[in-house]
Every structure is written in structure tokens, then in C-alpha cells.
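Below, each chain spelled out in residue letters.
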Amino acid sequence: MDMNYKEIDTQRIIDYIGTFANGVSVDDIILHSGADKLRVYPALFELEQSGWLEVLEREELGAPSMVRKKKVEEKKNDR
């Protein structure tokens, strides 16, 4: 049985971010979500591109440092 660790870790990240209404630091996601730390940034990028995630703060070189789940009304207004 092949396990898709990318999907498992992405779901762990989604579940963890979903517990914070006002955003969570990427450091906390790395430390507490249970996802492999090397998969966190690629997963956050994919979630941002899909419209599920909003980046609240970025580091100097553009990596996200604070994120949250996009609110439903924000998604509707983006159309």
C-alpha cells in the first residue's frame, strides 16, 4: 500500500490552520501540525494558489510567515 505523504501532510496543515480564526505563524505550523517540515512551504504555496489560504505576512524574500484560511465572503468577492 503506497501512502501519499504529501496529501497526508497537506491535510494536517489544513486541519491545523483551520483551528485558528485570525491566522497562525508558519513556525507554529512547522512545529505543531505534524506535517514534515520540508513539505510545509510547498503545501502553503499550493494552498495559496488554490485560493484556500491567505498570506497575512511575508518574510523579506517572500516566504509566508503568517497565514490563515481565507474567509468565505472574501472568496466570493474575488470573482
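Keep in mind it's a predicted model, so treat the numbers as computed, not measured.

### Description of the overall build of the protein
And then number 1: Scanning the protein from terminus to terminus reveals 4 helices and 3 strands.
And then number 2: Of all 79 residues assigned to the protein, the portion counted as buried reaches 33%.
And then number 3: Expressed as a percentage of contacts within the protein between residues at least 6 apart in sequence, the contacts between residues at least 24 apart total 41%.

### Some points on the pattern of salt bridges
And then number 1: One pass over the full model with this rule turns up 6 salt bridges.
And then number 2: Close ionic contact of Asp9 with Arg12 constitutes a salt bridge, the shortest N to O distance being 3.3 Å. You can see Asp9 and its partner Arg12 sitting in helix α1 (residues 5–17), 3 residues apart, about one turn around the helix.
And then number 3: On the basis of relative accessible area, Asp9 is assigned to the buried category, the value being 4%.
And then number 4: Taking the relative accessible area as the measure of exposure, Arg12 reaches 38% and is therefore partly exposed.

### Quick look at the nonpolar core
It is characteristic of soluble globular proteins that their nonpolar side chains tend to be buried jointly.
And then number 1: The biggest cluster of nonpolar side chains holds 15 residues, and the ones touching the most others in it are Ile13, Ile17, Ile29, Val40, Leu44, Leu53 and Val67.
And then number 2: At the level of elements, α1, α2 (26–32), α3 (37–50) and β2 (53–58) are the ones that each hand at least two residues to this core.
And then number 3: Among the elements that take part in this core, α3 stands out by supplying 4 residues, more than any other.
And then number 4: Residues contacting Leu53, with those up to four places away along its chain left out, are Ile17, Leu44, Leu47, Glu48, Val67, Arg68 and Lys70.

### Some details on α3
And then number 1: The terminal C-alpha atoms of α3 lie 21 Å apart, and with 14 residues this matches the ideal 20 Å at 1.5 Å per residue to within 8%.
And then number 2: Residues Val40, Ala43, Leu44 and Leu47 constitute the buried set of α3.
And then number 3: Put simply, Asp36 is the residue that caps the front of α3, since its side-chain oxygen is 2.7 Å from the backbone nitrogen of Leu38.
And then number 4: Looking one or two residues beyond α3, the residue adopting positive phi is Gly51, at roughly 90°.

### Focus on the pairing of strand β3 (residues 64–69)
And then number 1: Inspection of the sheet shows strand β1 (residues 24–25) paired to β3 by 2 bridges, in the antiparallel sense. Paired with Val24 across the bridge in β3 is Val67.
And then number 2: Summarising the sheet, β2 and β3 pair through 5 bridges and their orientation is antiparallel. Paired with Leu53 across the strands is Lys69, a residue of β3.
And then number 3: Adjacent in sequence and paired antiparallel, β2 and β3 are bridged by 5 residues, among which Gly62 carries a positive phi angle near 100°.

Conventions we followed
- Residues numbered from 1 in each chain as written.
- Predicted model: local features only at pLDDT ≥ 70, side-chain atom pairs only at ≥ 80, totals over all residues.
- Heavy atoms only, no water.
- Helix = DSSP H or I, 4+ residues; strand = E, 2+ residues; numbered from the N terminus.
- Buried < 20%, exposed > 50% of the residue type's maximum accessible area, 1.4 Å probe, protein only.
- Contact = heavy atoms within 4.5 Å.
- Salt bridge = Lys/Arg side-chain N within 4 Å of Asp/Glu carboxyl O.
- Core = buried A, V, L, I, M, F, W, Y, C linked by side-chain atoms within 4.5 Å.
- Expected span 1.5 Å × (residues − 1).
- Polar contact = N/O pair within 3.5 Å; in protein donor to acceptor, adjacent residues only side chain to side chain.
- Pairing = 2+ DSSP bridges.

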